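What the coordinates show
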Amino acid sequence: MTTYPTRSKETAEHVLIVGSMAFDDLELPSVNAKDVVGGAATYAAYAASLFSPVRIVAVVGEDFPTAVLEELTARDVDVAGVERAKGKTFRWAGRYAANLASRETLDTQLNVFADFRPKLPQSFVDSPFVLLGNIQPQLQLDVLSQIKAPRFVAADTMNFWISGERKKLGEVLAKIDTLMINDEELRQLADIHNIRRAAAEVLKLGPKRLIVKRGEYGAMLFDKDGVFFTPAYPLEEEIDPTGAGDSFAGALLGYLAAAGTIDGPTLRRGLRLASAVASFCVEGVGAAKLKNVQRADVMMRLEALRSITKTGG
Ligand code: AMP
């Protein structure tokens, strides 16, 4: 049986991530936090860089801390594709329900993302693993069109784009291998409540496989081999789920790039690993906990995840 860990980071392939880099204002049951550094690309990069070298394509404003870019660079994240533009960084504000299971967007300000036209550094165009993180579908397309021959392209999106940019999102779906969304977004995209039937509908729109993130209820993979399920790690204390989905996606891509293979068993192992990584994200506000996680912590949590699904007989 092939198991974890994967190849060392030095021999892993590159993951290119496009997505938001942001300031978030979070209303959480336990605390309110303002100006938290977040964004889909930020969370995904922290997670993916546990396993493979990462390249980010994004834009930040004059107000974004240089220290965060330096911190990412120190963990093998190439920020040559992060443009610093005149103006303000993307902003999102959200309020979570008391059980953390649902949230409401209070405000989205695209700011510098509104006029962003990504031009990939020459050193990025050969990226084999691509994560089109949550951002305008047109930007996802612009980035993808500049990559020469990607081996694996996954995309994430969210309700904001499903309702506001459905047509463009359709173009993205036709070009990717894997769509990764949460159950609420899947229902919205397919306009069907039942997860299995909604998944079948979405697979008709283009992607070869669909990964459905279900928060504390784990994640599911729908592909030609059927359905796979991984539980989420049952945490004792859940603080802030923001970015858990992006951490999940980043960890999966990072793992695949380190494994260098994209077959069914590797994907299934990757899903379980991604579940373990995402659980750390929920334990702190923003990326506070995630960014200090080590591979050894992930392996321990993975072992725990394995044992909670063993029947022992
Ligand atoms: P997640 O909790 O995984 O859905 O990701 C939350 C992150 O997504 C936050 O850090 C936000 O800054 C970012 N975000 C929220 N809305 C959008 C949007 N419409 N486009 C891009 N990023 C967003």
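This one's a predicted model, so the numbers in the text were calculated from it and none came from an experiment. (Residues numbered from 1 in each chain as written. Predicted model: local features only at pLDDT ≥ 70, side-chain atom pairs only at ≥ 80, totals over all residues. Heavy atoms only, no water.)

With respect to the pairing of strand 3 (residues 32–38)
- By the bridge criterion, five bridges tie strand 2 (residues 22–27) to strand 3 in an arrangement that is antiparallel. Along strand 3, the bridge assignment pairs Glu27 with Asn32. (Pairing = 2+ DSSP bridges. Helix = DSSP H or I, 4+ residues; strand = E, 2+ residues; numbered from the N terminus.)

What about the sheet that holds strand 5 (residues 77–84)?
- In space, the nine strands of this open sheet follow the order 5-4-1-8-9-10-11-12-13, with mixed pairing throughout. Single-partner strands in this sheet number two, and they are strand 5 and strand 13 (226–230). The mean angle between the axes of side-by-side strands here comes to 15 degrees, regardless of whether they run parallel or antiparallel.
- When strand 11 (residues 209–213) meets strand 12 (residues 219–223), the two strands line up antiparallel, connected through four bridges. Residue pairing for strand 12: Ile211 is matched across the bridge by Leu221.
- This element, helix 2 (residues 66–74), spans strand 4 (54–60) and strand 5 of the sheet and lies at about 155 degrees to strand 5.
- Its contacts with the sheet put helix 9 (residues 264–282) on strand 11, strand 12 and strand 13, and the angle it makes with strand 12 is roughly 160 degrees. (Axes fitted to C-alpha atoms, helices over the stretch in contact; angles between N-to-C directions. Contact = heavy atoms within 4.5 Å.)

Some details on the site of the ligand
- Taken together, the neighbourhood of the ligand is formed by 20 residues, with Ser20, Asp24, Gly39, Gly243 and Asp246 sitting nearest.
- Between the ligand and Ser20, the relevant distance is 2.8 Å, taken from a nitrogen atom to a side-chain nitrogen or oxygen of the residue.
- Within the side chain of Asp24, an N or O atom sits 2.4 Å from an oxygen atom of the ligand.
- A total of 510 Å² of accessible area belongs to the ligand in isolation, and the protein chains cover 95% of it.
- A per-element tally of the shell around the ligand places helix 8 (residues 244–259) first, with three residues.
- Among the residues forming the shell around the ligand, the class breakdown is 10 nonpolar, seven polar and three charged. (Near = heavy atom within 4 Å. Polar contact = N/O pair within 3.5 Å; in protein donor to acceptor, adjacent residues only side chain to side chain. Areas by Shrake-Rupley, 256 points an atom, 1.4 Å probe, with all protein chains shown as cover. Nonpolar A, V, L, I, M, F, W, Y, C, P; charged D, E, K, R; others polar.)

As for the packing of aromatic side chains
- Under the counting rule described, the total for this entry stands at five aromatic pairs.
- Each ring, one from Phe23 and one from Phe64, has its centre 5.9 Å from the other, and the planes form 45 degrees; the classification is tilted. Residue Phe23 is found in strand 2, and its partner Phe64 is found in the loop between strand 4 and helix 2; the two are separated by 41 residues along the sequence. Of the two residues examined, Phe23 and Phe64, each falls in the buried class.
- Ring geometry for Phe160 versus Trp161: centroids 4.8 Å apart, planes at 90 degrees, classification edge-to-face.
- The class for Trp161 is buried, based on a relative accessible area of 6%. (Phe/Tyr/Trp six-rings, centres within 6.5 Å; stacked < 30°, edge-to-face > 60°. Buried < 20%, exposed > 50% of the residue type's maximum accessible area, 1.4 Å probe, protein only.)

With respect to the packing of helix 3 (residues 137–145) against helix 5 (residues 166–173)
- Contact geometry for helix 3 and helix 5: axes closest at 8 Å, N-to-C directions at 30 degrees. On the basis of their axis angle, the class for helix 3 and helix 5 is roughly parallel. In the packing of helix 3 onto helix 5, the handedness of the crossing is left-handed. Between helix 3 and helix 5, the residues in contact are Pro137, Gln138, Gln140 and Leu141 and Lys168, Leu169, Glu171 and Val172, respectively.
- Residue composition of the contact of helix 3 with helix 5, grouped by class: four nonpolar, two polar and two charged. (Parallel < 35°, antiparallel > 145°, perpendicular 65-115°, else oblique. Left-handed = near helix turned anticlockwise from the far one by under 90°.)

Some thoughts on helix 10 (residues 295–307)
- With 13 residues, helix 10 should cover 18 Å at 1.5 Å per step; its first-to-last C-alpha distance of 19 Å lies within 8% of that length.
- For helix 10, the set of buried residues is Val298, Arg301, Leu302 and Leu305. One side of helix 10 carries all its buried residues, which in axial view fall inside an arc of 110 degrees. Those residues of helix 10 that are exposed and angled more than 90 degrees off the buried face are Ala296 and Met300.
- Where the residues of helix 10 are buried, they touch helix 9. (Expected span 1.5 Å × (residues − 1). Arc of directions from axis to C-beta.)

Quick word on the environment of Ala190
- Mapped onto the elements, Ala190 comes out in helix 6 (residues 183–190).
- Looking at Ala190, the relative accessible area reads 16%, which means it is buried.
- Linking Ala190 and Leu203, residues 13 residues apart in sequence, is a C-alpha distance of 9.8 Å.
- Sequence-distant contacts of Ala190, defined by excluding residues within four places in its chain, comprise Ala198, Glu201 and Val202.

What to know about the packing of helix 6 against helix 7 (residues 195–203)
- Following both chains from N to C, one finds helix 6 and helix 7 inclined at 60 degrees, their axes separated by 9 Å at the closest point. Taken together, the axes of helix 6 and helix 7 lie oblique to each other. Seen along the crossing, helix 6 lies across helix 7 with a hand that is left-handed. Between helix 6, through Asp183, Leu186, Arg187, Leu189 and Ala190, and helix 7, the contact on the second element is made entirely by Ile195, Ala198, Ala199, Glu201 and Val202.

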